[in-house]
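As a plain string of letters, each chain reads:
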Amino acid sequence: MRLRLDGVRELALVGAHCDDIAIGCGATVLRLAAANPGLVVRALVLSGGGTAREQEEHDALATMLPDADVRLSVLDLPDGRLPDHRDRVKDALQRLAAIGSTDLVLSPQRHDAHQDHRLLGELVPTAFRSALHLGYEILKWESDLPVTTVLVPADEDVVATKVAVIEKSYPSQSAHDWFDEEAFRALMRVRGAQCHERYAEGFVTDKTVLTLS
Ligand SMILES: [Zn+2]
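Right, let's walk through the structure included here. Source: prediction; values computed, not measured.

### Some words on the coordination of the zinc ion
Thinking step 1. Here the zinc ion is held by the protein donor atoms H17 (ND1), D20 (OD), D20 (OD) and H117 (NE2), which lie 2.0 to 2.7 Å from it.
Thinking step 2. For the zinc ion, the four donor atoms in the first shell make angles of 52 to 122° at the metal, so the coordination geometry reads as irregular.
Thinking step 3. Counting residues between consecutive donors of the zinc ion along the chain gives the motif H-x2-D-x96-H. You'll find H17 and D20 in the same group, each marked buried.

### Some points on empty space enclosed by the protein
Thinking step 1. Scanning the model with the defined rule gives two cavities of 30 Å³ or more in all.
Thinking step 2. Along the walls of the largest cavity sit 14 residues, with I23, E137, K162, L187 and M188 positioned nearest its centre.
Thinking step 3. Of all the secondary structure elements, the ones that give two or more residues to the lining of the largest cavity are α1 (20-35), α6 (181-193) and β7 (199-204).
Thinking step 4. Looking at which element gives the most residues to the lining of the largest cavity, the answer is α6, with five residues.
Thinking step 5. By residue class, the composition of the lining of the largest cavity is eight nonpolar, two polar and four charged.
Thinking step 6. Reported here for the second largest cavity is a volume of approximately 50 Å³.
Thinking step 7. The wall of the second largest cavity is formed by Q109, R110, G121, H133, G135, V204, T205 and D206.
Thinking step 8. Of the residues in the lining of the second largest cavity, the class split is one nonpolar, five polar and two charged.

### Re the state of the cysteines
Cysteine pairs can be covalently joined through their sulfur atoms, and such a bond is termed a disulfide.
Thinking step 1. Scanning the entire structure with this criterion turns up zero disulfides.
Thinking step 2. No disulfide involves C18; its nearest neighbouring cysteine sulfur is the one of C25, lying 14 Å away.
Thinking step 3. A residue is classified by how much of its surface remains accessible, and C18, at 1% relative accessible area, is buried.
Thinking step 4. Classification of C25 by relative accessible area gives buried; the value is 0%.

### Examining the sheet that holds β7
Thinking step 1. Taken in spatial order, the seven strands line up as β3-β2-β1-β4-β5-β7-β6 in an open sheet, and their pairing is mixed. What marks the edges here is a single partner per strand, and that holds for β3 (69-77) and β6 (150-154). The sheet shows a mean angle of 25° between the axes of neighbouring strands, taken without regard to direction.
Thinking step 2. Inspection of the sheet shows strand β1 (residues 10-15) paired to strand β2 (residues 40-47) by six bridges, in the parallel sense. When the bridges of β2 are listed, V14 appears paired with L44.

### As for the packing of helix α5 (residues 156-169) against α6
Thinking step 1. Close contact between α5 and α6 brings their axes to 10 Å; oriented N to C, the two are set at 145°. Seen along the crossing, α5 lies across α6 with a hand that is right-handed. Along its contact with α5, which presents E156, V159, A160, K162, V163, I166 and E167, the element α6 presents E181, F184, R185 and M188.
Thinking step 2. Across the contact of α5 with α6, the residue classes tally to six nonpolar, no polar and five charged.

What counts and what doesn't
- Residues numbered from 1 in each chain as written.
- Predicted model: local features only at pLDDT ≥ 70, side-chain atom pairs only at ≥ 80, totals over all residues.
- Heavy atoms only, no water.
- Donors = N, O, S within 2.8 Å, 3.2 Å for Na, K, Ca; no water.
- Tetrahedral: all angles 85-135°; square planar, octahedral: opposite > 155°, others 65-115°.
- Buried < 20%, exposed > 50% of the residue type's maximum accessible area, 1.4 Å probe, protein only.
- 1 Å grid on protein atoms, 1.4 Å probe; cavity = no way out; pocket = protein on both sides within 12 Å on 5 of 7 lines; lining within 4 Å.
- Points joined across faces, edges and corners; volume = space filled by probe spheres on them.
- Helix = DSSP H or I, 4+ residues; strand = E, 2+ residues; numbered from the N terminus.
- Nonpolar A, V, L, I, M, F, W, Y, C, P; charged D, E, K, R; others polar.
- Disulfide = S-S within 2.5 Å.
- Pairing = 2+ DSSP bridges.
- Axes fitted to C-alpha atoms, helices over the stretch in contact; angles between N-to-C directions.
- Left-handed = near helix turned anticlockwise from the far one by under 90°.
- Contact = heavy atoms within 4.5 Å.

In structure tokens, the structure reads:
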């Protein structure tokens, strides 16, 4: 049985680094924007502010969400050191959660091996108390892919757009040996196989409330 996620009007996106959002949930963001005209997107990235990476993130979100009302904040906390700045991270998340009425928040999942991602996975649910929280996965060198419990199918057009946005918008990351179309498609193909689809993105959720009406 499939569950529908209708009526998402306000979406919050949280990433530790510029490119986390596109890699972890780009296809889902594309689908949400297509299904919800007038979508309000509030995006927060904790590091990269004031560097070339900030402009990369603006470009990526502008390409993915041309018709949405997008408000992006990129802070300048040090990459790899977010746990040393836990109070600032928590404050930034609290401020983001206090704006508007977020229906859905997407962030890294809490068991990610990268300390910056993991901190966000822990803190985001403590800031957003009434939104559905889905934790996305990020392919990387560490063997840390989670057992994903929520799967969002994506068709070929959406997958192609996601991969093109990542490859074109983040030239600063192209040196990573996992940063290529084959790797991004491979993970989405695996998640697709797990839900009888060609492609999908996988998420982890700690808690889901169902309304039976
Ligand atoms: Zn990251």
